[in-house]
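Observations on chain architecture
These are the residues of each chain, in order.
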Amino acid sequence: MPEAPTDGWRTYDEFAAGIATYRLPNADLSGRDVTITLDDGEVLELAFKDAEHVVCNGVEDPYDAVAVRDDVFFVNLPLTSVDGEALTVVYSTTSHRALAVRSVIGAEDVVPRVSQSFQSGVTDGGPPTGVAPGPSRDLIGKRNLYRYSPDHLYEHVYVSSERYAWQCLEGVQRGHGDMDLSTVWKFADGLYLFCFREFRIAVASVWLHDLGYALRTTGVFLGLTGDGRSEHSRAGGHVYPLGSVAYPDAQPV
């Protein structure tokens, strides 16, 4: 079982406490059914039983959902049927586009400890329109602040298609920062899936940034607590753009 860091570095459960204070309210999807067909042929049949439980392909798990926009839903399944895994889906009821992220806590000798895989797809609501979700370089060079609570303020700098830098300006991690693995997909105009996987502690996250008019972000974490337990956490808050730079010659990866 991993021990808590002894160098002042905070564990996942310490920094995540209260990080959902400014999250958008939950959406109740009771009675709705959504079928998502992913690009690799996998089908996710989601039947929402009530405000907290969903049956996915015949297996019941908890869920939480947020209406990021009137027609776009961020749905996370913090799986209890499988330990150390989470399934996050984003789908639109108008474009009928969707994407899915699987987050999995791996073996102790794997770095980063939490891995993620990504798939785009379509829903059964009608014919898909617009561009399919996929990897994006749109955030490279951008610098934003993220306020999750009165005690959580972070800065992100998107360095390349594979890395981002962060530092904590307010909160238990104040003064700490790092450069970690990240993935950005564009879902729709102004809507970006942003995911990171940390090296120093076993944690990964899935966020949907609305960088249009709303300037809000909705997210979830999966990681190991200081005493080695797998834990799911909700998160969310406000986005404050600070500016951006354009690389003049050699482009980042």
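Heads up: these notes are all about the structure in this document. (Residues numbered from 1 in each chain as written. Predicted model: local features only at pLDDT ≥ 70, side-chain atom pairs only at ≥ 80, totals over all residues. Heavy atoms only, no water.)

1. A look at the sheet that holds strand β8 (residues 97–105)
Applicable threshold: Two strands form a pair only when DSSP identifies at least two bridges running between them. Where helices and strands are cited, they refer to DSSP runs of H or I of at least four residues and of E of at least two residues respectively, numbered from the N terminus. Whenever a helix is involved, its axis is fitted only over the stretch in contact; in every case the axis is a line through C-alpha atoms, and angles between N-to-C directions fall within 0 to 180 degrees.
Strands sit in the order β4-β3-β2-β1-β9-β8-β7-β6-β5 across an open sheet of nine strands; the sheet is antiparallel. Bordering the open sheet on either side are β4 (59–62) and β5 (64–69), each of which pairs with just one other strand. Taken pair by pair, the neighbouring strands of this sheet meet at an average axis angle of 25°, ignoring direction. Of the pairings in the sheet, the one linking strand β1 (residues 33–38) to strand β9 (residues 114–123) comprises three bridges and is antiparallel in character. What sits directly across from Thr 37, in β9, is Val 122.

2. Considerations on the pairing of strand β17 (residues 216–224)
A regular strand places its side chains on the two faces of the sheet in alternate fashion. Quick reminder of the rule: Buried residues are those whose accessible area, probed at 1.4 Å on protein chains only, stays under 20% of the maximum for their type, while exposed residues exceed 50% and partly exposed ones sit between those limits.
In terms of burial, β17 is a largely internal element, nine of the nine residues being buried. Across the two faces of β17 the burial is the same, with Arg 216, Thr 218, Val 220, Leu 222 and Leu 224 and Thr 217, Gly 219, Phe 221 and Gly 223 all buried. Joining the antiparallel neighbours strand β16 (residues 203–210) and β17 is a turn of five residues, in which Leu 215 adopts a positive phi near 50°. For β17 and strand β18 (residues 230–244), the ladder comprises nine bridges, and the chain directions are antiparallel. By the bridge assignment for β18, Gly 219 is matched with Ala 235. Where β17 folds back on β18, the antiparallel hairpin that results is connected by five residues, among which Gly 228 adopts a positive phi of roughly 90°.

3. Focus on the nonpolar core
In plain terms, the rule: In this text, buried Ala, Val, Leu, Ile, Met, Phe, Trp, Tyr and Cys residues form a nonpolar core when linked through side-chain atoms within 4.5 Å. A contact between two residues is defined here by any heavy atoms of the two lying within 4.5 Å.
Ranked by size, the top nonpolar core spans 23 residues in total, and within it Tyr 12, Phe 15, Ile 19, Phe 194, Trp 207 and Phe 221 carry the most contacts. Non-local contacts of Phe 194, meaning those with residues more than four positions away in its chain, are made with His 156, Tyr 158, Tyr 164, Ser 182, Thr 183, Val 184, Ser 205, Val 206, Trp 207 and His 209. Core analysis: the second largest hydrophobic core is formed by 21 residues, Leu 29, Leu 87, Val 89 and Ala 100 among them.

4. A few points about unusual backbone geometry
A negative phi holds for most residues other than glycine; trans holds for most peptide bonds. Here Val 111 and Pro 112 are connected by a cis peptide whose omega angle stands at -5°. Structurally, the position occupied by Pro 112 is in the loop between β8 and β9. Of note in the backbone geometry, Asn 57 takes a positive phi value of approximately 50° without being a glycine. Relative to the elements of secondary structure, Asn 57 occurs in the loop between β3 (53–56) and β4. For Asn 57, a relative accessible area of 40% corresponds to the partly exposed category. Of note, Leu 215 is a non-glycine position whose phi angle comes to about 50°, a positive value. Mapped onto the secondary structure, Leu 215 falls in the loop between β16 and β17.

5. Looking at the packing of aromatic side chains
Here is the rule we go by: Stacked, tilted and edge-to-face are the three classes assigned to paired rings of Phe, Tyr and Trp, where Trp is represented by its six-membered ring and a pair needs centres within 6.5 Å; plane angles under 30 degrees give stacked, over 60 edge-to-face, the rest tilted. The rule for a charge over a ring is simple: NZ of Lys or CZ of Arg within 6 Å of the ring centre, and within 35 degrees of the ring normal.
Counted under the stated rule, the structure contains 18 aromatic pairs. Lying across the ring of Trp 9, Arg 200 places its NZ or CZ 4.0 Å from the centre.

6. Here we look at the pattern of salt bridges
Quick reminder of the rule: We define a salt bridge as a contact between a side-chain nitrogen of Lys or Arg and a carboxyl oxygen of Asp or Glu at a distance within 4 Å.
Within the structure shown, the criterion is met by eleven salt bridges. Linked by salt bridges that have partners in common, Arg 23, Asp 64 and Arg 234 make up one network.

7. Some thoughts on the environment of Tyr 213
As for its position among the elements, Tyr 213 is in the loop between β16 and β17. Note: C-alpha distance between Tyr 213 and Val 82 (131 residues apart in sequence) is 37 Å.

8. Side note on the state of the cysteines
Under the convention used in this document: Throughout, a disulfide means two cysteine sulfur atoms within 2.5 Å of one another.
Throughout the structure, instances matching the rule amount to zero disulfides. With no disulfide of its own, Cys 195 lies closest to Cys 56 among cysteine sulfurs, the gap being 18 Å.

9. Description of the side chain of Thr 11
For clarity, the threshold we go by: As used in this structure description, the phrase polar contact means that two N or O atoms lie within 3.5 Å; if the pair is within protein, one of them must be able to donate a hydrogen and the other to accept it, and residues adjacent in sequence are counted only when both atoms belong to side chains.
With respect to the helices and strands, Thr 11 occurs in the segment before α1 (12–16). At 2.9 Å, the side chain of Thr 11 forms a polar contact with the side chain of Asp 13.

10. A word on the pairing of strand β11 (residues 142–149)
Among the eight residues in β11, six count as buried, and that is most of the element. Pairing geometry for β11 and β18, over six bridges, is antiparallel. By the bridge assignment, Tyr 146 is partnered in β18 with Val 239. Note that β11 and strand β12 (residues 152–158) share six bridges and pair antiparallel. Bridge pairing in β12 links Arg 147 to Leu 153. In textbook terms, the turn of a hairpin is the stretch between consecutive antiparallel strands, and for β11 and β12 this stretch comprises two residues.

Honestly, that's just the spatial picture; any functional story needs more than this.
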